[in-house]
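Residue-level structure breakdown
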Amino acid sequence: MSSLMSQQHLAVHAVVGDGVAGHRDGAAAQARFDGIRSLAVLPGGGVLVAEFGSNCIRRCDLLDGGIRVSTVAGTGELGGQDGAAAQAQFRGPEGLAVLPDGRVLVADSCNQCIRMLSALGTRVSTVAGSGRVGLQNGTALQAQFHRPQDLVVRTDGSVLVADWANDCIRMLSADLQHVSVVAGNGLYGQRNGVGAQARFRWPRSLVQLRDGRVLVADEENHCIRVLEQLESRSADMRVGTVAGDGRAGYRDGAAQRALFNYPTALALLPDDRVLVVDSLNRCIRIMSADLQEVRTLCTPCTLGITDAELCTAIAVLPNGNVLMASEHCIHVLAGFASAAWLRRRTLLLSLVAAQLALRCVHKRAAPAHPLPSCVLKRVAALPTELWPSLFQYI
């Protein structure tokens, strides 16, 4: 049994979509999708779906005890028209990112630009990219991209873009007015370093860790890279490698020795572990919170999923359940702990450890029963914001 997660605790809780390629709204069992590429959980409830094959943005909501699917933007026809969401057009939408005010950014991959869906979901506009293939920085609407794949909103409001075919990471300023390159130089390769010194091979997916670092699924380098902001005022980011050695393969264990085969999507669990869609190995891998260990979490077969489609997108719901999408449907996986439950458990273990330690101080003696290592590890990892809660109970 893996120390990171046991497969036997996971189960398919629900399925959205009938597994047939198409475009049909309605109840979960009758809905149809075509080419799901990204999932975004909305803060007010609901999940957005970027649908590459149908060139539109769909939405899943829990209504009257059941999940219903609707189309919020896109006519389904190829194009780049802005305006009312129902009349807007996309060309291969890929990544999604929700801004703090509820607006949603869309990496409109084959239109070589970044689009925006209004907070109410009523209008679509272009915020970055001229529509031409290239690697040009500057004013957002004059900038050029080449198949942008994913986006992540940083704590300072800026947005990182995985510019897939340009082999670099771009940054869209917090006011959405300026585009720059923060890592990579447009040259294909695998190299760590700062800013333009670094090289990627098809950076595909991004996820931000709670400490502000950003992980990158570097697809054709078969590894997971990490971006870290420099302490200086420079926009350049430092690039490192946290898992995988650049060779395609399959191996669990220490992160630096682990092997992947085209990792394509990332998601952060409530306890800071990281899910990795290892596409050509047809499985979901999981990285420990300290990024030191990689294990295989599940495959479609272990979950009783009969279709053999590749997983194309993954996301985590507020209750800790995980959404795992294939081309034509979305599976809801239950069995993951919620963030609230994990916080309560961490606080409880820490309180127990602190009380035992306090007794030892008063008695000037070692505890009769040494603290379990799991408790000590939890205490060491206790977030600083929980310490006020801890002290009031001691």
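For clarity, every value in this text was computed on a predicted model and none was experimentally measured. Along each chain, numbering runs from 1 in the same order as the chain's sequence is written. With pLDDT at 70 or above as the cut-off, local features in this predicted model cover only qualifying residues; side-chain atom pairs require 80 or more to be listed or tallied, and sums for whole chains, interfaces and linings still use all residues. The side-chain quantities take in all heavy atoms of the structure and omit both hydrogens and water.

1. Focus on the overall build of the chain
- Numbered from the N terminus, helices here are DSSP runs of H or I no shorter than four residues, and strands are runs of E no shorter than two. Summing up its helical and strand segments, the chain has 3 helices and 29 strands in all.
- The burial tally for the chain puts 52% of its 394 residues in the buried class.
- Only heavy atoms matter for contacts: two residues are in contact if any of them lie within 4.5 Å across the pair. For the chain, contacts bridging at least 24 residues in sequence account for 46% of all contacts bridging at least 6.
- With residues, only the protein chains shown are counted as cover, and all accessible areas are computed by Shrake-Rupley using a 1.4 Å probe. In the structure as shown, the chain presents an accessible area of about 17,500 Å², 53% of it carried by carbon and sulfur atoms. Exposed residues in this analysis have more than 50% of their type's maximum accessible area, buried residues have under 20%, and partly exposed residues fall in between, with area computed by a 1.4 Å probe over protein chains only.

2. Quick word on the packing of aromatic side chains
- Aromatic contacts are taken between Phe, Tyr and Trp rings whose centres are within 6.5 Å, Trp giving its six-membered ring; a plane angle under 30 degrees counts as stacked, one over 60 as edge-to-face, and the others as tilted. The tally for this structure, following the rule as stated, stands at 1 aromatic pair.
- Plain terms: the ring middles of Trp164 and Trp202 are 4.8 Å apart, the flat faces sit at 40° to each other, and that makes the pair tilted. Within this pair, whereas Trp164 is found in the loop between β14 (159-163) and β15 (168-172), its partner Trp202 is found in the loop between β17 (193-194) and β18 (203-208), the two being separated by 38 residues in sequence.
- With relative accessibility at 16%, the residue Trp164 sits in the buried group.
- The rule for a charge over a ring is simple: NZ of Lys or CZ of Arg within 6 Å of the ring centre, and within 35 degrees of the ring normal. The positively charged end of Arg170 is found above the aromatic ring belonging to Phe145, 4.8 Å away from the centroid.

3. Description of the confidence of the model for the chain
- Taken residue by residue, the chain gives an average pLDDT of 86. The fraction at 70 or more is 81%.
- In this model residues 365-371 is a low-confidence stretch, pLDDT under 50, and it forms 6 contacts with partners more than four residues away in sequence or in other chains.
- As a per-residue measure, pLDDT tells how confident the predictor is, with possible values from 0 to 100. Every residue in residues 382-394 scores below 50 in pLDDT, and together they form 17 contacts with partners more than four places removed in sequence or on other chains.

4. Quick notes on the sheet that holds strand β8 (residues 93-98)
- A pair of strands counts as paired when DSSP detects no fewer than two bridges linking them. Taken in spatial order, the 5 strands line up as β7-β11-β10-β9-β8 in an open sheet, and their pairing is antiparallel. Of all the strands in the sheet, just β7 (83-84) and β8 have a single pairing partner and so form its edges.
- Two elements, β7 and strand β11 (residues 123-128), share 2 bridges in a ladder whose sense is antiparallel. In the strand pairing of β11, Ala84 is matched with Arg123.

5. Looking at the side chain of Ser279
- Relative to the elements of secondary structure, Ser279 occurs in the loop between β24 (274-278) and β25 (283-287).
- Polar contacts, as used here, are pairs of N or O atoms within 3.5 Å; protein pairs need one atom able to donate a hydrogen and one able to accept it. Residues neighboring in sequence count only if both atoms are side-chain atoms. Engagement of the side chain of Ser279 in a polar contact is seen with the backbone oxygen of Tyr262, the distance being 2.5 Å.
- Each residue touching Ser279, except ones within four places of it in the same chain, is listed here: Asn261, Tyr262, Thr264 and Leu310.

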